[in-house]
Amino acid sequence: MMTDIQQQITALTERLHHLNYQYYQRDISEVSDQEFDELLAQLARLEQQYPDLAHPNSPTQRVGGTITKQFPTAEHRYPMLSLGNTYSEADLREFDERVRRGLEGADVAYVCELKFDGVAMSLAYQQGQLTQGVTRGDSTRGDVVTSNVRTIRNLPLHLRPEGAPQPPEFEVRGEIFMPLPVFAELNQEREANGEALLANPRNAASGALKLQDSAQVAARKLRFYAYSFLMPGRNQFPTHSASLEALRAWGLPVSDTWRRCGTIEEVLDFVHQWDKQRFELPVATDGIVIKVDDFRQQELLGFTAKSPRWAIAYKYPAEAGRTRLQAIQYQVGRTGAVTPVALLDPVPLAGTVVKRASVHNANQIAALDLRLGDMVFVEKGGEIIPKITGVDVAARPADSQPIVYPTECPACGTPLIRPEGEAHFRCPNDRGCPPQRKAKLEHFVSRKALNIDGLGAETVGRFFDLSLVTDAASLYDLPAKAAELAQLDRMGEKSVQRLMAGLEASKQVPFDRVLFGLGIRYVGETVAEKLVNHYRTVEALAAATATELAAVPEVGGVIAESAAAWFQEPENQQLIERLRAAGLQLALTGEAPQPQSDRLAGLTFVLSGVFEQHSREELQHLIEQHGGKITGSISKKLSYLVAGDKMGPAKREKATSLNVPIIGETDLLAMLPTATDEAETPEEAAAAPAEGTSETSRPAAGAGQQGSLF
Ligand code: IVH
C-alpha cells in the first residue's frame, strides 16, 4: 500500500518536473494549465495525506506555504565577491591590457553576459537536488532563503542527468529578478490599493525574497538566471562557456544572450549591440559582465581583495535627457489620488521617445522648484517610468510660470483633500468623479478581477464615455443594448456576441475575485481571498465591524476600516444587490468545511504575534476545525489569548487584567485531538482541497528571445 502511494508520488513528481522543464526551458506546453494544476493538486493531496513521503524538492514547493520567521545564515563555501565597475570604453581596453599582461601575452577569449539587475543568489545542489539557497549577505555569510527560492518557477529543484556528468556537490550562482511586466503589474496594484510604490524591480525582488511566507513569494513571480558554476577542487570544465552550456543541459536557466568574444573589439561590439537592445528584454539590466573564458587563465589572474581580476562590469550610464516642460497634467486615479504628470517636448531616452514623466506629488514639484517652460533633466534608470531629476535653472526662460497645484479636482471640481500623512491630494467624490468611476469599471473587468472576455479597459472606458455603462452592475444591462453596441465603430456582431458570452461567463467568477473587483481601497487580491474564506458570504462580510475584520489574518486596521466603511454606504449596498440580481457569485460555493471535532466548542481565542510551528492562518483554521471561534478583541468573555512571538505588551496587560488565560502555540496544539484520536478516513483527507496560492497555475507562455520567463 505504502509503496503504491510512494510510486504515485514519484510518478507525479517526475511528470511535473518534466512539464516544468519543457515549459520554462524549452517553451513547450505539453498539457493545458488546467491539467498541470490538476496534477499538482493531486500531488499536494497525497503529500498532505502522507507527509512522510513528501519530498523537500517536490513541485508543490513552488506554491510555497512555508513560514520562516527569521532566516538562518550560512557561510559561503566560496566568498561571493563583487565586480569592479567601469563606465567607459577606455576602461574596458585597459582591462583587456591588464588581463593580457597578467597572462604574459597569451591568447585570451572573453565571455560577455548581460548584467541582470536583481539579487545575487548562491544555490547548492547535491546529487542533482537543490539543497540550499543563500543570499550574498556580507559576501562571506548570507541568509538561507531556500524555501523562498524553491518557489521560483524557472529554477529546477532537481537537475536532469543530461550533458556533462554532474559532480556530487556543486554551486550555481546567478541572479534572482522580478520580470519587468510583473514589476509593472505589482506597482499598478500597489497604486490602486493606495500603497507606496516600489522604486525598481531590484528592490521588488530583494523585498520579495525576504518575505516570511513563501506562498507570498510565489505570488511575486520571481525568476532566476544562472551565470556561474563552482565546484570543490579543480573545475571540471575547461572554460566558463563550457560550464554555461552544461548548466543549460542540466535544466538551469541560462539567458541565451551571452557571447564568446575573441577580441576586445568584439566585446565592444557586444556592449554597443545591447546598449539599446537590452530594453527589449523582459528583465532589467544595467550593464555587461565581461569574464575571461578559460578557467586556468582565471586562476592565474586571481583576485584582488574585493573582486576577481579576470572579470569586470561595464555599466551603462543611466540615460538622461534634457527637454522642456510643457505642462503638468493632473490624473485622477481609481481611489481619487491626484498625480501630477509632466508633459515634455519629446526626447529620445533609453530606447524610447519620452513625452511624459512622473513627478510623484506636490512636494516634489516644490522640492525641484519646477516651473512651466523650464528645461528639465529626465532620467530613466532602473525605474520604468522616466522621472524629472532636476531643473536647468541657468536656462530658465524669463517667462517661466510657477506651477499652481490645483485645489479642486481637475475632473469634477470637488475640493481636494490631503489626508494626514499622505503625499497625494485626493478627490473625495468617489462616486461622482468620472475618472474614478471609469477607473473602477476598468478595474472590475480586469484580468485579476472579473476578467470579462471581450471587454478590455479601453472598450469599457469607451462604453463609459458613451454613457452605455455607469458602474459595475450596469455592465449586466448591456445585453439589452446589444443592437446599439453592434452599431459602434470597431464593434460588430461578432464582438458583441463575444462580449455577451464574456458577461455570462463572469457570473461564475468566484466571490473573492468579485470582491477584489469592487475596488475597495486596500482590498487587494490576497486580502479579498482571506476575507472571503473567513466570512464566506457577502452578508456576513458586510455585517462585520472594523474590529472584527481586523481580526482576520493579514487584514490590518486600515484595511478593516476601509472595508467596513465601504459596506456601510447605502449606494454600495445597492450595488451589491444589483450585482446579486445580475447573478454574480457573492458567496463561497461548496460546503463549509466540516468540523473535525468539537474539542474546542464554546471556546473563543485571540491569536496574537508570530507563531513557530504554524502560520496564524493555519492556527485559525485548526481552531475553527475543532469547533472553536476566533475573535478580534480581548474581553472578559474571551477563553484564551494565544501568544506568539512579538506580541504587543498592551495585549498581554489587558488579558492579565481581565484574568484571561494566556497560552502559547504548543498549549493550543495540545488541546487538539492527536492523530490517533482522529476518525478521519484517508478518503476524507484526499477530498480536502489542496493549498493554493495565486500562482498555482502556470501563466500563459510569454515567449520572447529569452524563453518563457513567466
Ligand atoms: S558574475 C565574482 N555575471 O552583479 C563576481 N554577476 O558585482 C561574479 N550580476 O551582485 C559575478 N549579472 O549578482 C556576474 N552575468 C552576471 C551578472 C552578475 C548580474 C550581479 C551579481 C553581483 C554583481 C557583481
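Residues numbered from 1 in each chain as written. Predicted model: local features only at pLDDT ≥ 70, side-chain atom pairs only at ≥ 80, totals over all residues. Heavy atoms only, no water.

**Looking at the nonpolar core**
Part 1: With 58 residues, the main nonpolar core has F463, L475, Y476, L499, L515 and L531 as its most contacted residues.
Part 2: Residues in contact with L515, not counting those within four places in the same chain, are I520, V523, A528, L531, V532, L541 and F567.
Part 3: Counting 39 residues, the second largest nonpolar core, distinct from the first, contains F170, I176, F224 and L244. (Core = buried A, V, L, I, M, F, W, Y, C linked by side-chain atoms within 4.5 Å. Buried < 20%, exposed > 50% of the residue type's maximum accessible area, 1.4 Å probe, protein only. Contact = heavy atoms within 4.5 Å.)

**Overview of the packing of aromatic side chains**
Part 1: The final tally for this structure, using the stated rule, is 18 aromatic pairs.
Part 2: Taken together, a centroid distance of 6.3 Å and an interplanar angle of 50° make the contact between F270 and W274 tilted. Of this pair, F270 and W274 both sit in helix α9 (residues 264-277), four residues apart, which is roughly one turn of that helix. No difference in accessibility class separates F270 from W274, as the two residues are buried.
Part 3: Between W566 and F567, the ring centres sit 5.0 Å apart and the planes meet at 80°, which makes this aromatic pair edge-to-face. Exposure class is identical for W566 and F567. Each is buried. (Phe/Tyr/Trp six-rings, centres within 6.5 Å; stacked < 30°, edge-to-face > 60°. Helix = DSSP H or I, 4+ residues; strand = E, 2+ residues; numbered from the N terminus.)

**Concerning the sheet that holds strand β4 (residues 119-126)**
Part 1: One open sheet accounts for four strands, arranged β5-β4-β7-β8; its pairing is antiparallel. Both edges of this open sheet fall to β5 (129-135) and β8 (223-230), since each of them pairs with a single strand only. Mean inter-strand twist for the sheet, computed between neighbouring axes without regard to direction, equals 30°.
Part 2: With seven bridges joining them, strand β7 (residues 169-177) and β8 adopt antiparallel strand pairing. Its bridge partner lying in β8, V172 is registered against F229. (Pairing = 2+ DSSP bridges. Axes fitted to C-alpha atoms, helices over the stretch in contact; angles between N-to-C directions.)

**Section: the pattern of salt bridges**
Part 1: If you walk through the whole model with that rule in mind, you get 34 salt bridges.
Part 2: In this structure, E169 engages R77 in a salt bridge whose closest nitrogen and oxygen atoms are separated by 2.8 Å. With E169 in strand β7 and R77 in the loop between β1 (73-75) and β2 (85-86), this residue pair connects regions lying 92 residues apart in the sequence.
Part 3: Across the salt bridge formed by D392 and R322, the nearest N and O atoms sit 2.8 Å from each other. Pair noted here: D392 is in the loop between β17 (387-391) and β18 (401-402) and R322 is in strand β12 (residues 319-332), with a separation of 70 residues, a long-range link.
Part 4: A single salt-bridge network, built from bridges that share partners, covers E185, E189, R447, K448 and E525. (Salt bridge = Lys/Arg side-chain N within 4 Å of Asp/Glu carboxyl O.)

**Section: the UniProt feature "active site" (unreviewed entry) in the chain**
Part 1: Those places that UniProt annotates as "active site" (unreviewed entry) correspond, in this numbering, to K115.
Part 2: Turning to its location among the elements, K115 is positioned in strand β3 (residues 110-116). (UniProt positions renumbered as here; feature names shortened; annotations may be inferred.)

**Digging into helix α13 (residues 457-465)**
Part 1: Every buried residue belonging to α13 is among T459, V460, G461, F463 and F464, and all of these are buried.
Part 2: At its buried positions, α13 is contacted by α12 (434-445), α14 (482-486) and α15 (492-506).
Part 3: S467 occupies a position one or two residues after α13 and carries a positive phi of about 60°.

**Remarks on the site of the ligand**
Part 1: The environment of the ligand is made up of 14 residues, and the closest members are L83, E113, E175, Y227 and K291.
Part 2: L114 has a polar backbone atom sitting 3.1 Å from a nitrogen atom of the ligand.
Part 3: Measuring from an oxygen atom of the ligand, one finds a side-chain N or O atom of R136 at 3.3 Å.
Part 4: For the ligand, the accessible surface in isolation is 520 Å², of which the surrounding protein chains cover 88%.
Part 5: Counting only elements with at least two residues in the shell around the ligand, the list comes to β3 and β10 (285-292).
Part 6: If you tally residues by element for the shell around the ligand, the top one is β3, at four residues. (Near = heavy atom within 4 Å. Polar contact = N/O pair within 3.5 Å; in protein donor to acceptor, adjacent residues only side chain to side chain. Areas by Shrake-Rupley, 256 points an atom, 1.4 Å probe, with all protein chains shown as cover.)

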